[in-house]
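Single-letter residue listing:
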Amino acid sequence: MIRILHTADWHVGQTLRGFSREHEHRKVFERLEEIVVEWNVDALVVAGDVFDSQNPSGEAQQLLYNALVRLSRAQPRMTVVIVAGNHDAAGRLEAPRPLLEAFTIRVVGNVRRRDRRIEAAKHLVPIFDASGAMAAHVLAVSYPTAACLPNLTRLDGDSGSPVIAGVRSLYAELLDTLQGQMDGLAFVLTRHLHVAGGIESEGAECQSAL
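Residues numbered from 1 in each chain as written. Predicted model: local features only at pLDDT ≥ 70, side-chain atom pairs only at ≥ 80, totals over all residues. Heavy atoms only, no water.

Visitor: Just give me the short version of the pattern of salt bridges, but keep the residues and values in it.
Guide: This model, assessed by the stated rule, comprises 10 salt bridges. Between Arg-106 and Glu-101 there is a salt bridge, with the nearest N and O atoms lying 3.9 Å from each other. Taking relative accessible area as the criterion, Glu-101 reaches 40% and is therefore assigned partly exposed. Several salt bridges share partner residues, and in doing so they unite Arg-31, Glu-34 and Glu-38 into one network. (Salt bridge = Lys/Arg side-chain N within 4 Å of Asp/Glu carboxyl O. Buried < 20%, exposed > 50% of the residue type's maximum accessible area, 1.4 Å probe, protein only.)

Structure follows, in structure tokens:
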């Protein structure tokens, strides 16, 4: 058995009516530390909108990276999986990836292709159980920008939306490419998307991290 703690929309650096929410974020991160230890969590997922802005302040970045290091030290064998959301600058989020991987933190900023083939391996993150055995994978997909989506000129028969068709094509390509690399293990797909058909509450965005 493995335990995956799913979170999303941290929005580090956010202000509310001109007031910083740093104190709230610090309290939440302290509670997260307690939870990952209490529940012996194997993987922590942050499914997009890590920062509130594509140009986060130095203070916001420091708050995030301090929290990630503390979480990693609290539960050293835990894998942290982070994907970029629509509020994040994918390249900025990925920039410290070599350093973060030393703490078993995997960051997926965007979808890349080489010779028109998707670089799928960067999206597949192995998850290990308490004994150290590989038990599952997380298939991590960031918010799909136009540059990430193939075949945007093709209309989808059901929705009539080229964007929806592109998203479906992207996931199908990822699954087809990675099918033989999953070793028959279970996988969890995590992503950050806008959704259609939701009811928008006052003052909120009609979106979801799935």
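Visitor: Account for the nonpolar core, with residues named and values stated.
Guide: If you look at the biggest cluster of nonpolar residues, it comprises 26 residues, and the most contacted ones within it are Trp-10, Leu-68 and Ile-82. Mapped onto this core, the elements with two or more residues apiece are helix H1 (22–38), strand S4 (43–47), helix H2 (58–74), strand S5 (79–83), helix H3 (90–94) and strand S6 (105–108). By residue number, the principal contributor to this core is H2, which donates 6 residues. The residues contacting Leu-68, other than those within four sequence positions of it, are Trp-10, Val-80, Ile-82, Leu-100 and Ile-105. Leu-139, Val-167, Tyr-171 and Leu-178 belong to the second largest nonpolar core, which has 15 residues in total. (Core = buried A, V, L, I, M, F, W, Y, C linked by side-chain atoms within 4.5 Å. Helix = DSSP H or I, 4+ residues; strand = E, 2+ residues; numbered from the N terminus. Contact = heavy atoms within 4.5 Å.)

Visitor: I'd like a rundown of the environment of Ala-43, residues and numbers included.
Guide: Note that Ala-43 resides in strand S4. Classification of Ala-43 as buried rests on a relative accessible area of 0%. Considering only alpha carbons, one finds Ala-43 and Ile-4, 39 residues apart in sequence, at a separation of 4.8 Å. In this view, Ala-43 contacts Arg-3, Ile-4, Leu-5, Met-78, Thr-79 and Ile-127; residues no more than four positions away in its chain are not counted.

Visitor: Hey, could you go over the side chain of Thr-7 for me, with residue numbers and the actual values?
Guide: If you trace the backbone, Thr-7 turns up in strand S1 (residues 4–7). By relative accessible area, which is 13% here, Thr-7 ends up buried. Here Trp-10 takes part through its side chain, which lies 3.0 Å from a polar atom of the side chain of Thr-7. Among residues more than four places away in sequence, those in contact with Thr-7 are Leu-32, Leu-44, Val-45, Val-46 and Ala-47. (Polar contact = N/O pair within 3.5 Å; in protein donor to acceptor, adjacent residues only side chain to side chain.)

Visitor: Outline the sheet that holds S6, supporting the account with residue identities and numerical values.
Guide: Taken in spatial order, the 4 strands of this open sheet run S1-S4-S5-S6, and their pairing is parallel. Each of the sheet's edge strands pairs with one partner strand only, and the pair in question is S1 and S6. Averaged over neighbouring strand pairs, the angle between their axes works out to 15 degrees when direction is ignored. For S5 and S6, the ladder comprises 4 bridges, and the chain directions are parallel. When the sheet's bridge partners are listed, Ile-82 is paired in S6 with Val-107. (Pairing = 2+ DSSP bridges. Axes fitted to C-alpha atoms, helices over the stretch in contact; angles between N-to-C directions.)

Visitor: Can you lay out the environment of Leu-93 for me, pointing to particular residues and giving the numbers?
Guide: Note on placement: Leu-93 falls in helix H3. For the pair formed by Leu-93 and Val-107, sequence separation is 14 residues and the distance between their alpha carbons is 7.3 Å. Apart from residues no more than four positions distant in its own chain, Leu-93 is found in contact with Val-50, Phe-51, Ile-82, Val-83, Ala-84, Asp-88 and Val-107.

Visitor: Can you break down the confidence of the model for the protein chain residue by residue, with the values?
Guide: Scored by pLDDT, the protein chain has a mean of 85; 87% of the residues are at 70 or more. A low-confidence stretch, residues 153–157 (pLDDT under 50), is modelled with 10 contacts involving residues beyond four sequence positions or located in other chains. When the criterion is pLDDT under 50, residues 206–210 qualifies, and its contacts beyond four places in sequence or with other chains add up to 25 contacts. (pLDDT = per-residue confidence, 0-100.)

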